[in-house]
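Chain residues, written in single-letter form:
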Amino acid sequence: MTNPTLLILAGDGIGPEVMAEVRKIIDWYGEKRDLTFDVTEDLVGGAAYDKHGVPLHDDTMAKAQEVDAVLLGAVGGPAYDDLDFSVKPERGLLRLRKEMDLYSNLRPAQCFDALADFSSLKKDIVAGLDIMIVRELTSGVYFGEPRGISIVDNERVGVNTQRYTESEIARVARSAFELARKRGGKLCSMEKANVMESGILWRDVVTEVHAADYSDIELSHMYADNGAMQLVRNPKQFDVIVTDNLFGDILSDCAAMLTGSLGMLPSASLGAPMANGRPKAMYEPVHGSAPDITGQGKANPSACILSFAMALRYSFDQGDEATRLEQAVEKVLADGIRTPDLMGIDGGTPVTTSQMGDAVIAALEASL
Ligand code: IPM
Ligand code: MG
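Residues numbered from 1 in each chain as written. Chains lettered and ligands numbered in written order. Predicted model: local features only at pLDDT ≥ 70, side-chain atom pairs only at ≥ 80, totals over all residues. Heavy atoms only, no water.

## Points about the sheet that holds strand 12 (residues 279-283)
If you walk across this open sheet you meet the 10 strands as 2-1-3-12-11-4-5-10-8-9, and the pairing is mixed. Single-partner strands in this sheet number two, and they are strand 2 (38-42) and strand 9 (218-223). Strand-to-strand twist of the sheet, defined as the mean angle between neighbouring strand axes without regard to direction, takes the value 20°. Sheet analysis places strand 1 (residues 5-11) next to strand 2, joined by five bridges and oriented parallel. Along strand 2, the bridge assignment pairs Ile 8 with Glu 41. Across the sheet, helix 7 (residues 197-213) is in contact with strand 5 (130-136), strand 8 (186-191), strand 9 and strand 10 (240-243); its angle to strand 9 comes to roughly 175°. Lying on the sheet, helix 9 (residues 245-258) is in contact with strand 4 (104-110), strand 5, strand 8 and strand 10; it crosses strand 5 at an angle near 155°. (Pairing = 2+ DSSP bridges. Helix = DSSP H or I, 4+ residues; strand = E, 2+ residues; numbered from the N terminus. Axes fitted to C-alpha atoms, helices over the stretch in contact; angles between N-to-C directions. Contact = heavy atoms within 4.5 Å.)

## Some words on helix 3 (residues 58-66)
Inspection of helix 3 places Thr 60, Met 61 and Ala 64 among the buried residues, and these make up the whole buried set. All buried residues of helix 3 project into a common sector of 100° when viewed along the axis, lining one side. Opposite the packed face of helix 3, turned more than 90 degrees from it, sit the exposed residues Asp 58, Asp 59 and Glu 66. Elements that come into contact with the buried residues of helix 3 comprise strand 1, strand 2, strand 3 (69-74) and helix 4 (89-99). (Buried < 20%, exposed > 50% of the residue type's maximum accessible area, 1.4 Å probe, protein only. Arc of directions from axis to C-beta.)

## What to know about the packing of aromatic side chains
Any aromatic ring pair is given by two values, namely how distant the centres are and how the planes are angled relative to each other. Enumeration over the complete set of coordinates arrives at seven aromatic pairs. Ring geometry for Tyr 29 and Phe 308: centres 6.1 Å apart, planes at 65°, overall edge-to-face. One end of the pair, Tyr 29, is in helix 1 (residues 15-32); the other, Phe 308, is in helix 10 (residues 302-314), with 279 residues separating them in the sequence. Residue classification places Tyr 29 among the buried positions, given a relative accessible area of 0%. A centroid spacing of 5.3 Å and a plane angle of 75° characterise the contact between Tyr 164 and Trp 202, whose relative ring orientation is edge-to-face. One end of the pair, Tyr 164, is in the loop between strand 7 (155-161) and helix 6 (166-182); the other, Trp 202, is in helix 7, with 38 residues separating them in the sequence. (Phe/Tyr/Trp six-rings, centres within 6.5 Å; stacked < 30°, edge-to-face > 60°.)

## Quick look at the site of ligand 1
In the vicinity of ligand 1, the residues found are Glu 90, Leu 93, Arg 97, Arg 107, Arg 135, Tyr 142 and Asp 249. Contact between ligand 1 and Arg 107: an oxygen atom at 2.8 Å from a side-chain N or O atom of the residue. Between ligand 1 and Asp 249, the relevant distance is 2.8 Å, taken from an oxygen atom to a side-chain nitrogen or oxygen of the residue. Burial of ligand 1 by the protein chains amounts to 75% of its free accessible area of 320 Å². Among the elements that line the shell around ligand 1, the one with the most residues is helix 4, at three residues. A per-class count over the shell around ligand 1 returns two nonpolar, no polar and five charged. (Near = heavy atom within 4 Å. Polar contact = N/O pair within 3.5 Å; in protein donor to acceptor, adjacent residues only side chain to side chain. Areas by Shrake-Rupley, 256 points an atom, 1.4 Å probe, with all protein chains shown as cover. Nonpolar A, V, L, I, M, F, W, Y, C, P; charged D, E, K, R; others polar.)

Structure (structure tokens):
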């Protein structure tokens, strides 16, 4: 048997720092759980631009297509703000998503008990929260044509196009219904069918998929603006939410803050099954490159570590090991071992990124 393969693209800003902690955990699984991965590393984002003049080299794209899973850190930073749009760090990430056809982006928002005080919402509204946002990731206004900035009647006009085909809606809806079936059995679909034709189609197709194959799931529909409001009013009413690329981008940042820190949120981006039966997959923290704290040992590696836990669960069929890792992170937080983003008003001494990683390893050890 050959080892499963991973491509690590640590990227920019705090990406390499948080990914270094994931490397320790990958090594631990090799040594202690007989789960050895063949790991290669490469560049993405500004780091790739610095070396190759493009945010993702073709060779890196080809490698990403071959491995069992890609782990990505973060892309972007002020040094790249003035680059031409076509070579901005974010283009590297969007190319990976598009060419790997990672249409289903899972963004779980879970509020660990130890962190309920850190949410900007009242504790009783978020304590015990466990929702899953499924964001369509390869279509919609992020990729629709026509797009661009042109001159019309002597002034500049910016155009982007929201476009969805039935099959694009149906496949992401299916992945969301499947998740709902494994979780609380409820799915809420969000769009703006009141103002957008693409929203009308979205609602129709989700309804059809439901009637055909998922009538055991409780389906509801909500306008996305109301959804944003409900997420902060009463987030625990939701189990799984499915929505388009742009609404999903916005709603998932909103859901992230319910959990206390953007440094806690992992994500999985999944596509169609490969020849070996595993889905095409990329795992990345929801947070960005955080240039303001880069290189200071302040970054919270939890989101990146929890993204690796999602890899164990969704790519490698190691649900028990994923749970072990999630519980290790939860235990460390409950013990009060925290990076600066999670220090309370009454202080305490924060740990560094690397100390946080070591504490998770210690908790993994203790779990054996
Ligand atoms: C995200 C990010 C990306 C997006 C950026 C970095 C291109 O905000 O993954 O949510 O807009 O999708
Ligand atoms: Mg975003």
